[in-house]
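One-letter residues, chain by chain:
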Amino acid sequence: MKLHFSKLLLICLAKDTLLLCVLIFTIFQTIAVATAQDGKLVRVRGEILDERTRKPLVGANVYFEEIRKGAITDADGFFTLQVPAGKYNISISIVGYGVIKQEIDATNDANISLKLSEKIKVLEEVEITEKRTDENVKAIEMSKIQLDIRNLIKIPVAFGEADIIRAMMLQTGVSTVGEGAGGFNVRGGRTDQNLVLLDEAPLFGTSHLLGFFTNVNPDAVQSVSLYKGGIPAQYGGRLSSVLAIRTRSGNDTIVSGAGGVGLMASRFLIEAPIIKHKASILVAARVTYPNYLISIVQNPTYGNSKASFYDINAKLEFKPTIKDRIILSSYLSRDVFRLPTDTAFAWQSSSATFQWNHSFSSALFSSVTALVSDYKIVVSGNRDKFDYELTNTINHKEVKANIIYNPSEKLNAEAGVSTIWYTLNPATLKVPEGSNLIALKIPNEQGREMAVYANAELQLLPSVSLSLGTRYSFFQNVGARPLYVYADNLPRTVLSITDTIQYAKGEVLKGYGGLEPRISLRFITGKSSSLKVSYNRTRQYIHLISNTTAIAPADYWKLSDPYIKPQVSDQYAIGYFQNFKDNGLEASIETYYKDISNIVEYKNGARLLLNKNIEADLLPAIGKAYGVEFTLKKNYGKLQGQIGYTYSRSLIAVQSTFDQESINNGAFFPSNFDRPHNLIITARYPLSKKWTISGNFTYATGVPTTLPDSRYQFSNKTYINFSLRNTDRIPDYHRLDISLIYESKSVSKKYASSVIFSFYNVYFRRNPFSIFYGNRYGYDQAYKLSILGTLIPSFTYNFKF
Amino acid sequence: MKKLYSFIYFICFSLLLGACIDAVNLPIRDESGKLVVEGLISNAPPPYTIILSTSVTYESGSVVARLPNPLSGVSVAVLDDMGNREVFKETINGQYKNTANGMRGQVGRSYQLEVIMPDGRKFVSIAEKLMAVSPIDSVTSEYSKVLKGHSFYVNTHDPRGERNYYRWTTYGIGSLQVSPVSNPSPASCSPFCWQYIENKTLNLLSDEFIDGNQIQKQKVFFAPYVSQSDFYLEVNQSSISKDAFRYLQLLEDQRNRTGSIFDPPPASILGNIYNANDSKEIALGYFIVSGVSRKRIIIKRTGLSDRLPMPIPLAFVGKCCDVYFGTSQAIPPWRD
């Protein structure tokens, strides 16, 4: 441990960041003080597993009845609690599992391992009358959403594919520009400001079929957490949110599997022990057959489109000793979309993570991770003499290590370091022999991003807890690559280039760095209520270059360089949390304010693809976002569900010293995804022992658009003039979805299955995605485009064995 | 990206939904009355035409067709970098022309437009240089059985080491075989009815990824196979400036907007004409300066099967040819 801290110290000194060092030492000291204090207390550390599959259970509630103290299991199914020495009756419960009660001997430090059995039937699940978790009130974290994976398949969806990001969009503070669009927006942030981590590896693309589905197979997922604010110091590199997806570990006792068949895709998962109780493997795959749907289309123009995608998750877990856990997780997702015209898109995400977790004692843990994540897009054109293949790739390599020191209930300290190496190929244009086009390559971009962080959660008073941390990140854009130099007193254009500097391999073009403080405070204000306050600063050194309404396959990423400064965001949030009915009813109100600088914007008519001088087409913008989120969640009784209402704004301003570059005269204007009002109601109700009905209602203000100022004639054709941006709105969005779920379990209890009938957009609402304009024979007409403008029924059959 | 449009259609059709596109009527933001300029000077023989109008209100769902609002009584002149100045006279409402023996564009010279409005505001264009354009090597045609018509392609060579921007404007003439049977008033029918067809898309190309290479099979025209007559085609290959290219490209992009996820945000398309006393006031439109090379070809269309049916007449009264908006006047000698 000493070694780790001295390393940190060296780094701080090297970077000359006094504040960070002071902070680390404060934490260090606190640890020492806290350790010295406990004498007569003992530590109980336990692991909670699923009885049948032996996989760790996340979020299980462990309750010590005699002292009325409890703990929640972490992402690996572990909990630690400090208690006075003695014997205890404990009860352990988690939604979907029975409650088990057990007597334990804790006269000395104890390690326990307990198994819970899964309840299959929906009815039993909702009738469980265990003590409800009050984590939402008691935890210091705020602005965090934990997805209920077990109920994911019950959410009605279009085309019957359960989808983790679509499910997240039913929560407050998470929105999208529209149906079928990839990515998601968190609290007024852009889609590229979300750090999506699949077993710690960042995903640069999250969509299948141009945005209709999320590219992670929900069967393979153990837990999904979204941090909208109060982002832990452990995470960095993106401004708005962290979506941490953890995949399941295989069953290390028996062979089991699961799968599903739907209209659009089929899934299959198999898990098996390699060495009983020590090593396991899990493989999950999903393939699609949308071409079947295309082939039944009679229209010859569209009937020739070809689409396909698949994704594979594989995870190896090895527990050589009780104190070590080694994970090897890998992922591959690939999409091909071929249009009946001459263009095809193919995009592929892949990642591999190696992680070694070690516990030195019941209070000190360490984790070392090495990972690689790749993203590749190929656009190919197939027109005689104009054939081409355009490729862009990202390669992200990362090594990180952290230690967690959790000696008592009152202290949880964590520190770590990480380094990322980026290699980006913005564009390589390949052409066949005899083509008119000439092969071209935009020089690669290389960068390294280093970070060191420390965080401590302290209980200052019985009712006041503080989480104080910081992250120091440092980024360098390095050669080899050329850099264009522009005249200072002119707008940056190709014509204002004065020089080109060729940087050698490894030479630093530009470095940026800074502190990212993270502070959260929680005050217990009553028996089941609390007030939480948080502040966090985040920095982002990699940006998505996309001048389209939503993420499109031809978009690419760009690193910060001498011209593109890192994006910086400061978020302040305050929230009040109150539970009623013995935690069966959770209510919360959160409000936030965000300031964002150096957002990437585009000059009018910017050309992004295959542009060597891309910086000449970009402009820095500033943004602000604010909002209030109300949530009411009912966890008890037959009817369960949630009502969420958000009022939020997301604004942007482009101010330039050169008049011609400013947008809307430099004033703040709504961003493309600004939707002030957002109401979402979700509900679930068991109709009988086997049938459940579930529904969602969504309402959102229409996204901003620009209406025409006037129209004019040029070259015998009519054109429209738009002088401002995003000054108007498209009509509001609302939709109701319903699904019916039938669940059954065979007598042998080995095989369980469910059938889900999903009805998306029940009342046939033609929600506009966008407005566009036409003029036919002199008559003006505006049109709205609805992407899923009708009821979409689908069914899915799922099984488990 | 028209392609995405097809994808969305695919989604709609595959689910048997019918159209996903509906007409909507939206509130109007009226900022009409801006000066619109459409002008072109080239090295082809004069006269050249400058068309002036003002922008009009966009009124979605209006039952009244709103035509452009021509601008009369304006003083229009073209200046070159040798100090020459030629006044363009208004011939018809809003159209200003020089004379057939007036100023002719020359390669290497720069030209500028000057417009003085009745209220005294003076608009000028940014001077643009007339760039030479390489000659058209050949124009080829291919018959497609699927599309039932001929596609025409230009083959040329791009000069190395300089940025070139191309624009092709093409029109074709084909004869409809108007027989007394298909003719509502056979008495006034001549056997030939020549129909002029214009390629309405802006056909543009930048040599950024081509520089110095051949340009082959650049599609410039499509002629549906409705008649066995010879088909006459004229292709004009023009050089345009980088700014003009960008301007026209943005116009074309606007026409291709489909409301899909691929659409960039709408923005005003700024041309090269501005108020001489207030550079923030920018007129709509563009004053284009072009070098032009021309090629004319005639193709035979006999011996092909799968002829498309005769088009439905556009008018039901008038002479034989009038119903197709054609002309029975003979085609001039077809030389380059």
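Residues numbered from 1 in each chain as written. Chains lettered and ligands numbered in written order. Predicted model: local features only at pLDDT ≥ 70, side-chain atom pairs only at ≥ 80, totals over all residues. Heavy atoms only, no water.

## Let's talk about the overall build of chain B
Basically, it comes down to this: Numbered from the N terminus, helices here are DSSP runs of H or I no shorter than four residues, and strands are runs of E no shorter than two. To sort residues, take the accessible area from a 1.4 Å probe on protein chains only and compare it with the maximum for the residue type: under 20% means buried, over 50% means exposed, and anything in between is partly exposed. Contacts are assigned to residue pairs that have any heavy atoms within 4.5 Å of one another. Per-residue and other accessible areas follow the Shrake-Rupley method at a 1.4 Å probe size, with only the shown protein chains counted as cover for residues.
Across its full length, chain B holds 2 helices and 20 strands. Residue burial in chain B is summarised as follows: out of 336 residues, 49% are buried. Of the contacts made within chain B by residues no fewer than 6 positions apart, 69% connect residues no fewer than 24 positions apart. Total accessible area computed for chain B in this model is approximately 15,800 Å², and 54% of it derives from carbon and sulfur atoms.

## Regarding the pattern of salt bridges
Pairing is possible between side chains of opposite charge, provided their charged atoms come close. Worth spelling out the cut-off: Within this document, salt bridges are pairs made up of a side-chain nitrogen of Lys or Arg and a carboxyl oxygen of Asp or Glu, the two lying within 4 Å of each other.
Taken as a whole and judged by the stated rule, the model has 39 salt bridges over all chains. For Arg518(A), the salt bridge is made with Glu516(A), and the minimal N-O distance between the two is 2.7 Å. When the shortest N-O distance is used, the salt bridge between Arg246(B) and Asp617(A) registers 3.8 Å. Separated into two different chains, Arg246(B) in helix H2 (residues 242-256) and Asp617(A) in the loop between strand S36 (585-602) and strand S37 (618-634) make up a pair that spans both. Using a relative accessible area of 7% as the deciding quantity, one classes Asp617(A) as buried. In this structure, a network of salt bridges that share partners links the residues Arg187(A), Lys228(A), Glu590(A) and Glu629(A).

## Topic: the pairing of strand S9 (residues 122-125) of chain B
All names here are of chain B. Short version of the rule: The pairing criterion for strands is at least two bridges between them, as found by DSSP.
Alignment of strand S8 (residues 110-116) against S9, held across 3 bridges, turns out to be antiparallel. By the bridge assignment for S9, Ile116 is matched with Lys122. Hairpin geometry of S8 and S9 is characterised by an intervening segment of 5 residues between the two adjacent antiparallel strands and by a positive phi of about 95° at Gly120. Bridge count between S9 and strand S18 (residues 273-275): 3 bridges; the pairing is antiparallel.

## Looking at the confidence of the model for chain A
All names here are of chain A. Here is the rule: Residue-level confidence of the predictor is what pLDDT reports, using numbers from 0 through 100.
The predicted model of chain A has a mean per-residue pLDDT of 85, with 89% of residues at 70 or higher. In the model of chain A, helix H3 (residues 122-127) stands out as the element of lowest mean pLDDT, 29, in contrast to strand S12 (residues 201-202), which has the highest, 97. Contacts of residues 1-39 to residues separated by more than four positions or lying in other chains number 46 contacts, the stretch itself having pLDDT below 50. Here residues 296-303 is modelled with pLDDT under 50, and outside its nearest four sequence neighbours on either side it reaches 11 contacts, counting other chains as well.

## Focus on the side chain of Asn761(A)
Mapped onto the elements, Asn761(A) comes out in the loop between strand S47 (752-760) and strand S48 (770-776). Here Asn761(A) falls in the buried class, since its relative accessible area comes to 0%.

## Overview of the interface of chain B and chain A
Quick reminder of the rule: Summed over both partners, buried area is the accessible surface (1.4 Å probe) that two parts give up on being assembled. Counting of polar contacts relies on pairs of N or O atoms within 3.5 Å, with two restrictions inside protein: one atom must be capable of donating a hydrogen and the other of accepting it, and residues adjacent in sequence are counted only when both atoms are side-chain atoms. Residues are sorted three ways: Asp, Glu, Lys and Arg are charged, Ala, Val, Leu, Ile, Met, Phe, Trp, Tyr, Cys and Pro are nonpolar, and all the rest, Gly among them, are polar.
The partner chain A presents 84 residues to the 86 residues of chain B that form the contact. Between chain B and chain A, a total of about 7,600 Å² is buried, with carbon and sulfur atoms accounting for 61% of that surface. Summed over the three residues of chain B that lose the most area to chain A, namely Arg29(B), Tyr58(B) and Ile261(B), the buried surface amounts to 12% of that side. Viewed at the interface, chain A and chain B are joined by 4 salt bridges. Taken together, the links from chain B to chain A amount to 22 residue pairs in polar contact (both at pLDDT 80 or more). Where the side of chain B that touches chain A is concerned, the elements lending two or more residues are helix H1 (2-14), strand S1 (21-24), strand S2 (35-42), strand S16 (214-224), H2 and strand S20 (284-299) of chain B. Counting residues per element, the side of chain B that touches chain A draws most heavily on H1(B), which supplies 12 residues. Among the residues forming the side of chain B that touches chain A, the class breakdown is 46 nonpolar, 20 polar and 20 charged.

## Quick notes on the environment of Asn43(B)
All names here are of chain B. For Asn43, the location among the structural elements is in the loop between S2 and strand S3 (49-54). Taking the C-alpha atoms as reference, Asn43 lies 9.8 Å from Ser238; in sequence the two are 195 residues apart. Not counting residues within four places of it along the chain, the set of residues in contact with Asn43 comprises Tyr48, Arg104, Gly105, Val107, Leu130, Ser290, Gly291 and Val292.

## Here's the deal with H2(B)
Quick note on the threshold: Helix span, as expected, comes to 1.5 Å for every residue beyond the first.
In a regular helix each residue adds 1.5 Å, so 15 residues correspond to 21 Å; H2(B) covers 21 Å between its end C-alpha atoms and thus fits that length. For H2(B), the full list of buried residues reads Ala244(B), Phe245(B), Tyr247(B), Leu248(B), Leu251(B), Glu252(B) and Gln254(B).

## Points about unusual backbone geometry
Cis geometry marks the peptide bond from Gly479(A) to Ala480(A), where omega comes out at 10°. In this structure, Lys581(A) is a non-glycine residue whose phi angle is positive, near 50°. Tracing the backbone through its elements, the reader meets Lys581(A) in the loop between strand S35 (567-580) and S36. Although it is not a glycine, Lys148(B) adopts a positive phi angle of roughly 55°.

## Things to note about the environment of Thr369(A)
All names here are of chain A. With respect to the element layout, Thr369 can be found in strand S23 (residues 364-381). Here Thr369 falls in the buried class, since its relative accessible area comes to 2%. Sequence-wise, Thr369 and Leu328 are 41 residues apart; in three dimensions their C-alpha atoms are separated by 9.9 Å. When neighbours within four sequence positions are excluded, Thr369 is seen to be in contact with Glu200, Thr353, Phe354, Gln355, Glu398, Val399 and Lys400. A polar side-chain atom of Thr369 sits 3.1 Å from a polar atom in the side chain of Gln355.

## So, the sheet that holds strand S7 (residues 110-116) of chain A
Residue and element names in this part refer to chain A. To keep things clear, this is the line we draw: Only C-alpha atoms enter the line fits that serve as axes; for helices the fit covers just the stretch in contact. Angles between N-to-C directions range over 0 to 180 degrees.
In spatial order, the strands read S4-S1-S7; together these 3 strands make up an open sheet with mixed pairing. Edge positions in the open sheet fall to strand S4 (78-84) and S7, since each of these has one partner strand only. In this sheet, neighbouring strand axes are inclined to one another by 25° on average, regardless of whether the strands run parallel or antiparallel. With 7 bridges connecting them, strand S1 (residues 41-50) and S4 associate as antiparallel partners. Across the sheet, the residue bridging to Val44 is Leu81, located in S4.

## A few points about the pairing of S2(B)
Regular strands place side chains that alternate from one sheet face to the opposite one. Residues and elements named next belong to chain B. The buried fraction of S2 amounts to 7 of the 8 residues, a majority that puts the element mostly inside the structure. Here 5 bridges tie S2 to S3, and the two strands are oriented antiparallel to one another. The residue of S3 that forms the bridge with Glu38 is Ile51. Connecting the antiparallel pair S2 and S3 is a turn made up of 6 residues. As paired strands, S2 and S20 are joined by 7 bridges and run parallel to one another. Bridge pairing links Val36 to Leu284 in S20.

## Thoughts on the packing of aromatic side chains
This is how the line gets drawn: Any pair of Phe, Tyr and Trp rings, taking the six-membered ring for Trp, is counted once the centres come within 6.5 Å. Such a pair is stacked with planes under 30 degrees apart, edge-to-face with planes over 60 apart, and tilted for the rest.
What the rule picks out here adds up to 32 aromatic pairs over all chains. Ring geometry for Phe268(A) against Phe799(A): centres 6.4 Å apart, planes inclined by 45°, an arrangement best described as tilted. Placement of the pair is Phe268(A) in strand S18 (residues 265-275) and Phe799(A) in strand S50 (residues 792-800), with a sequence separation of 531 residues. A relative accessible area of 40% places Phe268(A) in the partly exposed class. For Phe799(A), a relative accessible area of 17% gives the class buried. Ring centres of Tyr166(B) and Trp168(B) lie 5.5 Å apart, and the angle between their planes is 10°; on these two criteria the pair is classed as stacked. The burial state of Tyr166(B) is the same as that of Trp168(B); both residues are buried.

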